[in-house]
Amino acid sequence: MSTPSRRSFLQASAGGGLAVALGGALGRPASAAERTDYKAIVVGSGFGGSISACRLGQAGVDTLVLERGQEWTTDPQKAVFGSQLNYSEKMFWFRDYADWPMVLPFPMTPYAGVMEVSNEKNLNIACGAGLGGGSLVYTCATVAPPRKYFEKLFPADITYQEMTSKWYPKVQSVLKPSVMPDDVYGSAPFTHSRVWDQHVAKAGYTSERLMSMFNWDVLRKELAGAVRPSAIAGEADFGCSDGAKNSLTVNYIPAAKATGKVRFQTMSEVTSIGIGTDGRYRLAVRHLDTAGRTLDTVEYTCDMLFLCAVTLNTNRLLVAARETGALPDLDASVGTGFGDNGDQYAGYSYAGPAGPSQGAPSASTIFVDGEFELPMRVESWQLIEAQGLPIVQTLVMTADLENRASFVYDKAGRTVKLSDWAGKADAAAKSATDWVNKVMHANSDAIPIAVTWPATLTAHPLGGCVLGTSSDLYGRVKGYKGLYALDGSMVPGSVGGANPSFTIAALAERGIADIIAKAG
């Protein structure tokens, strides 16, 4: 393993990783008042990052978590976040125009908002930005993939029996997900959920209630008019202002803080990573304000570096570090195996009653196998813009075992970008279309809506530092001792027909347990 000099690292800091898009600066030495040296540094505070930090703290490891986004405070009466119906610069991470399905591209003042949308070639990738990462902006579905497709995707030594007997239950014991209660399900804002269940039943399917991380007591307060409607009004993609989501800020993060060994530092963006001749990791960290101004860029150091910056940013950091020579011994497979979890969206109208709004929580799910080109999980979804219109929306996640792409380094632009995604979503799109056509044909009240397939957005980017390929089976990145990837990048492009967060969390628990047990 080669170790570049301080000079070469600082040169890479100026031109590699996330800095390339943001004009990253050289890492200056810390002032006497700053503490920048830790045993472990965790980059990112989403599922992988929060879990890693929590367990490191409980093991007594001196740990810093660097989060690029803000710490958001919810409010029972105010709109903290924006939404598709309440446009705000708080929606997006430093964009000058909006880019989201069914949202007009209105101009915006760049701001440290809650959602990054990266316009990659042939695919937009969305990921959370803020303390709690993706748990701020996901729709809280907490479901494991079926055994059949988990085993087709993951290495044989990561057994489904191990996951379902130990690691999924361990996560569940902390998150405490639950299904939608009958009183919420029966309320007016969930008319669309009941129609979805009725329609799929007529098509021959039996749906089941979906485990969720929504706080049903907060939804009940919304229904009673005691707090501002958020979840029942369809707010989810850009956060729930009243705390209706049980995000990581109410479970793993406070547990990590309670150890006294973990410090969380927000508005701190890691722009590049490297290693010194002493074998310790060095990070160029840009401290920024909400307008995107660089306050300073400081060098941090650690023995153990955990990359949990979500798939997009972990790949940006690793691929740039390899290609600029900051981490030259990274395996050639780093950056490969990317997939969008087979995400697709399907919708139609119907002739019948509709609720005043469409509540955000997903009530029901089905796994469809053996009927179409790809197996798929379908979930009752919502369309915030419906607002009293009779529309049924479905999230489709196919178990796509084959279609993958790579992150590559563009030397001219000094950026890391997704390549070769063209056509990779076609099979998923066809499967989703065929399924929704079957449901519509079984329901005489269904009215087709013209939709262009395939979908060009994923909120479930996966792969690039895949377990058993770019890392060992626990997230130890090949080529460097003390370097770990414990986020969506470790998943092989798809979890096998499920929302990824539950599986990412379970794999993170599994990985960090082994890392702590073996002291690295």
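A brief look at the structure comes next. Along each chain, residues carry numbers from 1 onward, in the same order as the chain's sequence is written. Only residues with pLDDT of at least 70 are given local features in this predicted model, and only at 80 or more are side-chain atom pairs given and counted; all residues enter the totals for whole chains, interfaces and linings. Only heavy atoms go into the side-chain values, all of them from the structure, while hydrogens and water stay out.

**A word on the overall build of the protein chain**
Going along the chain from the N terminus, every DSSP run of H or I of four or more residues is numbered as a helix, and every run of E of two or more is numbered as a strand. When helices and strands are counted, the protein chain shows 12 helices and 20 strands. We take the radius of gyration over the C-alpha atoms and set the globule estimate at 2.2 Å times the residue count to the 0.38 power. Whereas a compact globule of 520 residues would reach a radius of gyration of roughly 24 Å, the protein chain reaches 22 Å, a difference of no more than 12%. Across its three principal directions, the C-alpha atoms of the protein chain cover 70 × 45 × 45 Å. Burial classification: accessible surface area is computed with a 1.4 Å probe over protein chains only, and a residue below 20% of its type maximum counts as buried, one above 50% as exposed, and the rest as partly exposed. Burial statistics for the protein chain: of 520 residues in total, 61% are counted as buried. Residues are treated as being in contact if the distance between any of their heavy atoms lies within 4.5 Å. Contacts in the protein chain between residues at least 24 apart in sequence constitute 71% of all its contacts with a sequence separation of at least 6. By the counting rule applied here, Lys and Arg register as positive and Asp and Glu as negative, while His and the ends of each chain are not counted. Taken as the charge centre is NZ of Lys, CZ of Arg, CG of Asp or CD of Glu, depending on the residue. Placing the 46 positive and 50 negative side-chain charges of the protein chain at their respective mean positions leaves the two points 5 Å apart.

**Digging into the side chain of Asn251**
When you line up the elements, Asn251 lands in the loop between helix H8 (216–224) and helix H9 (252–258). Judged by its relative accessible area of 10%, Asn251 is buried. Two N or O atoms count as a polar contact when they lie within 3.5 Å, although within protein this holds only if one can serve as hydrogen donor and the other as acceptor, and sequence-adjacent residues are included solely when both atoms are side-chain atoms. Of the polar contacts made by the side chain of Asn251, one reaches the backbone oxygen of Ser247; its length is 3.0 Å. Apart from the residues within four sequence positions on either side, Asn251 is in contact with Val174, Leu175, Met213 and Asn246.

**Examining helix H11 (residues 426–441)**
Each helix should span, by expectation, one fewer than its residue count multiplied by 1.5 Å. Taking 1.5 Å as the rise per residue, H11 with 16 residues should run 22 Å; its terminal C-alpha atoms sit 22 Å apart, in good agreement. Listing the buried residues of H11 in full gives Ala427, Ala428, Ala429, Ser431, Ala432, Trp435, Val436, Val439 and Met440. Where the residues of H11 are buried, they touch helix H7 (191–202), strand S11 (343–350), strand S12 (364–368), strand S13 (376–381), strand S14 (391–398) and strand S17 (446–448).

**Notes on the state of the cysteines**
Only a pair of cysteine sulfur atoms within 2.5 Å counts as a disulfide in this structure description. Scanning the model with the defined rule gives 0 disulfides in all. With no disulfide partner, Cys54 has as its closest neighbouring cysteine sulfur the one in Cys308, 13 Å distant.

**Comments concerning the pattern of salt bridges**
A pairing counts as a salt bridge when a side-chain nitrogen of Lys or Arg comes within 4 Å of a carboxyl oxygen of Asp or Glu. Applying the stated criterion across every chain yields a total of 27 salt bridges. Between Arg209 and Asp182 there is a salt bridge, with its nearest N and O atoms 3.2 Å apart. A residue pair is termed long-range when its members are at least 10 positions apart, and Arg209 in strand S5 (residues 208–209) and Asp182 in helix H6 (residues 182–185) qualify at 27 residues. Take Arg209: its relative accessible area is 29%, and that puts it in the partly exposed class. Judged by its relative accessible area of 59%, Asp182 is exposed. Among the ionic pairs, Lys424 bridges to Asp420, the shortest N-O distance being 3.7 Å. Given the relative accessible area of 18%, Lys424 is considered buried. Residue classification places Asp420 among the partly exposed residues on the basis of a relative accessible area of 43%. The network of salt bridges with common partners includes Asp37, Lys39, Arg280 and Asp303.

**With respect to the sheet that holds strand S3 (residues 115–120)**
Here the rule is simple: two strands pair whenever DSSP picks up at least two bridges between them. The 3 strands are arranged S3-S4-S18 in an open sheet whose pairing can be described as mixed. The open sheet has two edge strands, S3 and strand S18 (457–458), and neither has a second partner. Pairing between S3 and strand S4 (residues 123–128): 6 bridges, direction antiparallel. Along S4, the bridge assignment pairs Glu120 with Leu123. Only the contacting stretch of a helix is used when fitting its axis, a line to C-alpha atoms as for every element, and angles between N-to-C directions run 0 to 180 degrees. In this fold helix H10 (residues 310–323) packs onto S3 and S4, with an angle of close to 60° to the strand it touches most, S3.

**Some thoughts on the environment of Thr109**
Structurally, Thr109 is set in the loop between strand S2 (63–66) and S3. Thr109 sits in the exposed class, given a relative accessible area of 58%. Along the chain, Thr109 and Glu89 lie 20 residues apart, while their C-alpha atoms are 6.2 Å from each other. Ignoring anything within four residues of it in the chain, the contact list for Thr109 reads Glu89 and Arg95.

**Looking at the sheet that holds S5**
A sheet is described by the order of its strands in space; here 6 strands give the open sequence S5-S12-S13-S14-S11-S17, paired in antiparallel fashion. Either end of the sheet is taken by a strand with one partner, and the two such strands are S5 and S17. Here S13 runs beside S14; their pairing, made up of 6 bridges, is antiparallel. Within the sheet, the bridge partner assigned to Met376 lies in S14 and is Thr398. The strands that H11 touches are S11, S12, S13, S14 and S17; relative to S11, the one it contacts most, it runs at about 25°.

**Here's the deal with the packing of helix H5 (residues 160–175) against helix H12 (residues 501–517)**
Direction vectors running N to C along H5 and H12 enclose 100°, while the axes themselves pass 9 Å from each other. Relative to H12, the element H5 is oriented roughly perpendicular. Contacts between H5 and H12 involve Glu162, Met163, Trp167, Tyr168, Lys170, Val171 and Gln172 on the former and, on the latter, Phe502, Thr503, Ala505, Ala506, Leu507, Glu509, Arg510 and Ala513. Relative orientations are named as follows: roughly parallel for angles under 35 degrees, roughly antiparallel for angles over 145 degrees, roughly perpendicular for angles from 65 to 115 degrees, and oblique for any other angle.

**Thoughts on the packing of helix H3 (residues 47–58) against H12**
A pair of packed helices is characterised by two quantities: the angle between their axes and the separation of those axes. Packing of H3 against H12 brings their axes to within 9 Å, and their N-to-C directions diverge by 30°. Considering their axes alone, H3 and H12 lie roughly parallel with respect to each other. Seen along the crossing, H3 lies across H12 with a hand that is right-handed. Where H3 abuts H12, its residues Phe47, Gly48, Ile51, Ser52, Arg55 and Leu56 lie against Ser501, Ile504, Ala505, Ala508, Glu509, Ile512 and Ile516. Residues are sorted three ways: Asp, Glu, Lys and Arg are charged, Ala, Val, Leu, Ile, Met, Phe, Trp, Tyr, Cys and Pro are nonpolar, and all the rest, Gly among them, are polar. Broken down by class, the residue content of the contact of H3 with H12 amounts to 8 nonpolar, 3 polar and 2 charged. What makes a crossing left-handed is the near helix being turned counterclockwise from the far one by less than a right angle; a clockwise turn instead makes it right-handed.

**So, the packing of aromatic side chains**
Each aromatic pair joins two rings of Phe, Tyr and Trp (for Trp, the six-membered one) with centres within 6.5 Å, and gets the label stacked for planes under 30 degrees apart, edge-to-face for over 60, and tilted for any other angle. Going through the model one piece at a time under the given rule, you end up with 16 aromatic pairs. Judged by centre distance (4.3 Å) and plane angle (20°), the ring pair of Phe150 and Phe154 falls under stacked. Phe154 carries the same exposure label as Phe150, and that label is buried. Aromatic rings pair up to connect Phe92, Trp100 and Phe238 into one cluster. Note that Arg95 overlies the ring of Tyr97, its terminal NZ or CZ placed 4.5 Å from the centroid. Lysine NZ or arginine CZ positioned within 6 Å of the ring centre and within 35 degrees of the ring normal marks a charge as sitting over the ring.

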